[in-house]
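# Examination of the molecular architecture
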Amino acid sequence: MTEPTSSTTRLTVAQALVRFLAAQYTERDGTRHRLIDATWGILGHGNVAGLGQALLEYGDDMPYHQGRNEQAMVHAAVGYARQRDRLSAQAVTTCVGPGATNLVTGAALATVNHLPVLLLPGDVFATRPADPVLQQLEVPYAGDVSVNDCLRPVSRYFDRITRPEALIPAALRAMRVLADPLDTGAVTLALPQDVQAEAFDWPDGFFAERVWTVRRPAADPGELAAAVRAVRRARRPVVVAGGGVHHSGAEDALREFADLTRIPVAATQAGKGSLAWDHPADVGGIGHTGTATACELARTADLVIGVGTRYTDFTTASGTLFAAPGVRFLNINIAPFDAHKLAGQPLVADARTALRALTGALAPLGHRAEPAYVAEYTEDKERWEHRVDAAFEAEDSYSRPTQAQVLGALDELVTGDDIIVNAAGSLPGDLHRLWRTRSRDQYHVEYGYSCMGYEIPAAIGVRMAAPDRPVWALVGDGTYLMMPTEIVTAVQEGVAIKVVLLQNHGYASIGGLSESVGGERFATAYRHRSEDGTYTGRPLPVDLAANAASLGMRVLRAKTVDDLRAALAEARAADTPTCVHVETETADRVSGAPPAQAWWDVPVAETSTRPSAVRARERYERLAATRRHHL
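Residues numbered from 1 in each chain as written. Predicted model: local features only at pLDDT ≥ 70, side-chain atom pairs only at ≥ 80, totals over all residues. Heavy atoms only, no water.

## Structural notes on the pattern of salt bridges
Here the structure, examined in full by the defined rule, presents 39 salt bridges. Across the pair Glu198 and Arg163 runs a salt bridge, and its minimum N-O distance is 3.2 Å. Taken together, the positions of Glu198 in the loop between α7 (193–196) and β10 (199–203) and Arg163 in the loop between β8 (157–160) and α6 (167–179) put the pair 35 residues apart, joining distant regions of the chain. The partly exposed category is assigned to Glu198, whose relative accessible area is 27%. With a relative accessible area of 40%, Arg163 lands in the partly exposed category. Taken together, the salt bridges that share partners define one network made up of Arg156, Arg176, Asp180, Asp183 and Arg215. (Salt bridge = Lys/Arg side-chain N within 4 Å of Asp/Glu carboxyl O. Helix = DSSP H or I, 4+ residues; strand = E, 2+ residues; numbered from the N terminus. Buried < 20%, exposed > 50% of the residue type's maximum accessible area, 1.4 Å probe, protein only.)

Shown next as structure tokens:
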């Protein structure tokens, strides 16, 4: 929209940016959404007089949330954006120096997972009246570099606004990236603190409402015809549903495809929930953390139909899972980069659009998977569900639960309304293998970056996006200690998240991995040092339940399975932030779930004097030899 140049409003750069952001919208399928719903911030000398003042001045147009940790604020914004199907996002503003660099981990997480977040870090003076200023990193070889440049490699778009008029093209480009389903991720506009406060005569057209269309590109007719031929030829096809199914809102389209063809559907961590767990074609998670049913189907598949997946090493079992001679790949993806992976036949399109086109082309042909194949995976799925039941079942109600039994108790309680948030530790593996997903957005496991500390702030963001639904953050003690600070934010904002805190006295996931690669669980337990210098002494006398309570959270302690069931029910009914603290079985029984059903490549020491490492290396070489390149 173009306005006469004579129609202007004099504002500071920060004020203009806030007004601009308040007028941005996305639109998909005829429904409009506000693009930037709110701003998170911690104010300091790099933004307090600029963006801080602007957010005060235009508070009616731009809600503000006060955070405690810059990385956590990004996690909260990412959780919000994912729950809103990437159609709405939030901004995060920080001061210069450490506030800005604390954004880097959150930005990487957002970009890896293709989730939009707008970062507005303060920066050093553009005019350099005093050089260096407080918290400025001097770079002898480049006078125009600041610590904000750390955000370049983890941002999908980066710009530094060194003149007021430069904001106009930069802001428009930033919105384009945030709203683009192919390019979206972290977007950074670095804002020198003097420029933020500088006034300028802005064309009023800059503040007009803008609607950014979220496209659904259709499949090329030739690629669609090739896809139909590939499906028709296959005798043992399997679908790998990735996060793109959720981002596209393609769950119904996938279910229609599965109902028509009866092709089994396995899911990555990001794609879990694409089909409900009790759908006949759903065979659970795939890859290193997947089910035996899905992994065996993958090993014998002659066609793998990837829908919105990046084929990470966990999904492919580090290149060892898709083992059948002549196996081919058909990749439905909005990104050509991902659609061409594993030498696959690309179908470059929006997932929902492509699946509906593929279903429409196959329907008149009456194409179905062979009955014997359907019977095979149906029986395998039933056997796996018996294993899940066994993992969930407690021997008695008075014992300390295993981690799997904690999930079993939660599984008994929840409905499709509940949302489960997790990211790191041993929980993602147990959830991927065992969790029975009941709704399209119930399973919120961030496993693209698998960032410890994500869960609590992300749960806050999810709850803000879905204020009427129970939101659970599942955390181990290691993850909890990384970032409990946003409990204060949940209490302050009245965001009634539920935290399930599993105390197992260490890094349980890495402890198990260490043992498998000959590391003998070195430095993975939370214990005092023993006489030989290792961490094998008494458990540390930490009380994480007391810590959560000290931050303002209501805490329920559960010692037995019966206690746990009662505490979970009480937490679910609570209308204030509530934590359920439970001490699980010791490290050798931390999970209780079935073991990994596929390999994951973590290189093992090629030479060692320790027998455990020698044995681990022998096993590693046997498994690494099964890796293949798909050409």
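Now, onward.
## Looking at the environment of Ala54
In this fold, Ala54 is placed in helix α2 (residues 48–57). Sequence separation of Ala54 and Thr12 is 42 residues, and the distance between their C-alpha atoms is 8.2 Å. In contact with Ala54, other than residues within four places in its own chain, are Ala14, Gln15 and Val18. (Contact = heavy atoms within 4.5 Å.)

## Description of helix α8 (residues 221–233)
Since the α-helix advances by 3.6 residues per turn, residues separated by three or four positions end up pointing in the same direction. With 13 residues, α8 should cover 18 Å at 1.5 Å per step; its first-to-last C-alpha distance of 19 Å lies within 8% of that length. Every buried residue belonging to α8 is among Glu223, Leu224, Ala226, Ala227, Val228, Ala230 and Val231, and all of these are buried. Against β15 (303–307), β16 (328–333), β17 (345–348) and α14 (351–362) lie the buried residues of α8. (Expected span 1.5 Å × (residues − 1).)

## Overview of the sheet that holds strand β2 (residues 24–28)
Sheet architecture is open: 3 strands sit in the order β3-β2-β11, paired in mixed fashion. The sheet terminates laterally at β3 (31–34) and β11 (210–213), the two strands that pair on one side only. Strand-to-strand, the axes of this sheet are offset by a mean angle of 35°, without reference to chain direction. Here β2 pairs with β3 via 4 bridges, running antiparallel. Bridging from a neighbouring strand, Glu27 pairs with Arg32 of β3. Sheet strands in contact with α6 are β2 and β11, and its direction is about 40° off that of β11. (Pairing = 2+ DSSP bridges. Axes fitted to C-alpha atoms, helices over the stretch in contact; angles between N-to-C directions.)

## Points about the nonpolar core
Residues Val304, Ile305 and Leu358 are the most contacted members of the largest nonpolar core, which totals 55 residues. Residues in contact with Val304, not counting those within four places in the same chain, are Val238, Val240, Tyr311, Phe322, Val327, Arg328, Phe329 and Leu330. Listed in part, the 48 residues of the second largest apolar core include Ala76, Phe158, Cys451 and Val471. (Core = buried A, V, L, I, M, F, W, Y, C linked by side-chain atoms within 4.5 Å.)

## Points about a nonpolar patch on the surface
Judged by side-chain polarity, Leu43, Val48 and Tyr64 come together as a nonpolar surface patch covering roughly 240 Å² of accessible area. As for its position among the elements, Tyr64 is in strand β5 (residues 64–66). Among the residues examined, Tyr64 registers a relative accessible area of 30% and is labelled partly exposed. (Patch = residues over 30% accessible without salt bridge, like charges linked within 9 Å, V, L, I, M, F, W, Y side chains within 5 Å. Areas by Shrake-Rupley, 256 points an atom, 1.4 Å probe, with all protein chains shown as cover.)

## Some remarks on the layout of surface pockets
By rolling a water-sized probe across the atoms, one finds the places where empty space is left. Computed from the structure, the second largest pocket encloses a volume of approximately 820 Å³. Along the walls of the second largest pocket sit 48 residues, with Gly243, Gly244, His247, Ala270 and Gly308 positioned nearest its centre. Counting only elements with at least two residues in the lining of the second largest pocket, the list comes to α3 (70–83), α9 (243–248), α12 (313–316) and β19 (443–445). The element that contributes the greatest number of residues to the lining of the second largest pocket is α9, accounting for 5 residues. (1 Å grid on protein atoms, 1.4 Å probe; cavity = no way out; pocket = protein on both sides within 12 Å on 5 of 7 lines; lining within 4 Å. Points joined across faces, edges and corners; volume = space filled by probe spheres on them.)

## Considering the pairing of β15
Most of β15 is tucked away, with 5 of its 5 residues classed as buried. Strand direction decides the pairing type here: strand β12 (residues 237–241) and β15, joined by 5 bridges, are parallel. Its bridge partner being in β15, Val238 is matched across the sheet by Val304.

## Quick look at unusual backbone geometry
Cis geometry is adopted by the peptide bond preceding Pro132, which originates at Asp131 and carries an omega value of 10°. Positive phi outside glycine occurs at Leu342, with the angle close to 55°. One can find Leu342 in the loop between α13 (336–339) and β17. For Leu342, a relative accessible area of 25% gives the class partly exposed.

## Observations regarding helix α5 (residues 104–112)
What α5 keeps buried is the set Gly106, Ala107, Ala108, Leu109, Ala110 and Thr111. Along its buried surface, α5 packs onto α3, β7 (117–123) and β9 (186–192). After α5 finishes, the residue His114 shows a positive phi value of roughly 55°.

## Some details on empty space enclosed by the protein
In this structure the tally under the stated criterion is 4 cavities of 30 Å³ or more. Looking at the largest cavity, it is lined by 21 residues, and the ones nearest its centre are Lys272, Trp277, Asp282, Gly284 and Trp435. Within the lining of the largest cavity, the residues separate by chemical class into 9 nonpolar, 6 polar and 6 charged. (Nonpolar A, V, L, I, M, F, W, Y, C, P; charged D, E, K, R; others polar.)

## Side note on the sheet that holds β5
Strands sit in the order β5-β4-β6-β7-β9-β8 across an open sheet of 6 strands; the sheet is parallel. Sheet topology places β5 and β8 at the edges, where each strand pairs with a single neighbour. On average, adjacent strands in this sheet sit at an angle of 20° to one another, irrespective of strand direction. Contacting β4 (36–41), β7, β8 and β9, α6 runs over the sheet at an angle of about 160° to β9.

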